[in-house]
Amino acid sequence: GIHFSYQNSIDPEVEMIADPEQLRKVISNIMSNSVKYMDKEDKEISLTLEDAGDFIQVNLRDNGKGISRTDLPYIFQRFFRADSSRNSMKGGSGIGLSIAKATADAHGGKISAKQTGNTITFHVTL
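Parameters and conventions
Residues numbered from 1 in each chain as written. Predicted model: local features only at pLDDT ≥ 70, side-chain atom pairs only at ≥ 80, totals over all residues. Heavy atoms only, no water. Phe/Tyr/Trp six-rings, centres within 6.5 Å; stacked < 30°, edge-to-face > 60°. Helix = DSSP H or I, 4+ residues; strand = E, 2+ residues; numbered from the N terminus. Buried < 20%, exposed > 50% of the residue type's maximum accessible area, 1.4 Å probe, protein only. Pairing = 2+ DSSP bridges. Axes fitted to C-alpha atoms, helices over the stretch in contact; angles between N-to-C directions. Parallel < 35°, antiparallel > 145°, perpendicular 65-115°, else oblique. Left-handed = near helix turned anticlockwise from the far one by under 90°. Contact = heavy atoms within 4.5 Å.

Engineer: In this structure, what is going on with the packing of aromatic side chains? I would like to understand it.
Structural biologist: The relative placement of two aromatic rings is captured by the distance of their centres and the angle of their planes. In total, this model carries 2 aromatic pairs according to the counting rule given. Between the aromatic rings of Tyr74 and Phe80, the centroid separation amounts to 5.8 Å while the plane-to-plane angle is 45°, which identifies the pairing as tilted. Their ring planes at 90° and their centres at 6.2 Å tell us that Phe76 and Phe122 sit as a pair that is edge-to-face. Residue Phe76 is located in the loop between β3 (55-62) and α2 (84-87), and its partner Phe122 is located in strand β5 (residues 119-125); the two are separated by 46 residues in the primary sequence. You'll find Phe76 and Phe122 in the same group, each marked buried.

Engineer: How should the sheet that holds strand β2 (residues 43-52) be read in this particular structure?
Structural biologist: Picture the strands of a sheet paired through backbone hydrogen bonds; they go either parallel or antiparallel. Sheet architecture is open: 5 strands sit in the order β1-β2-β3-β5-β4, paired in mixed fashion. Edge positions in the open sheet fall to β1 (2-8) and β4 (110-116), since each of these has one partner strand only. Adjacent strand axes in the sheet meet at a mean angle of 15° when their direction is disregarded. Bridge count for β3 against β5 is 6 bridges, and the pairing is antiparallel. Bridging across to β5, Asp62 finds its partner in Ile120.

Engineer: Whenever I open this one, the packing of helix α1 (residues 20-36) against helix α3 (residues 96-106) confuses me. Can you help?
Structural biologist: A packed helix pair is summarised by two numbers, namely the angle formed by the two axes and the spacing between the axes. Interaxial distance between α1 and α3 falls to 9 Å at its minimum, and their mutual angle equals 150°. When the axis of α1 is compared with that of α3, the two are roughly antiparallel. The element α1 and its partner α3 pack so that their crossing is left-handed. Two secondary-structure elements touch here, α1 through Gln22, Val26, Asn29, Ile30 and Asn33 and α3 through Gly96, Leu97, Ile99, Ala100 and Thr103.

What follows is the structure, encoded as structure tokens:
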């Protein structure tokens, strides 16, 4: 029930040294949150890979309910759960995004999130 799109604009010759299992967990944590908090009838998630100079950038975008501007600066902190009055029914411990950040950091990269209207995009640069 979710429209998923994928685009890879990285040259096939580019190689990245990384732990594939850990990167899978990062993407899985972000996508799991997207699915869990999706509140639209027409659900959309997109995954794009881009060349960012000496880095690879993974962009995950969804059209869910988004994250409030007041919560956005804290979403990568361990145990932080945005809008706790609503998400207590959804389950979760509030550590998924902090694990994603720690993994990106361990790979010499970074993770960020940008809210535009009801669209949130996570950028993981490695």
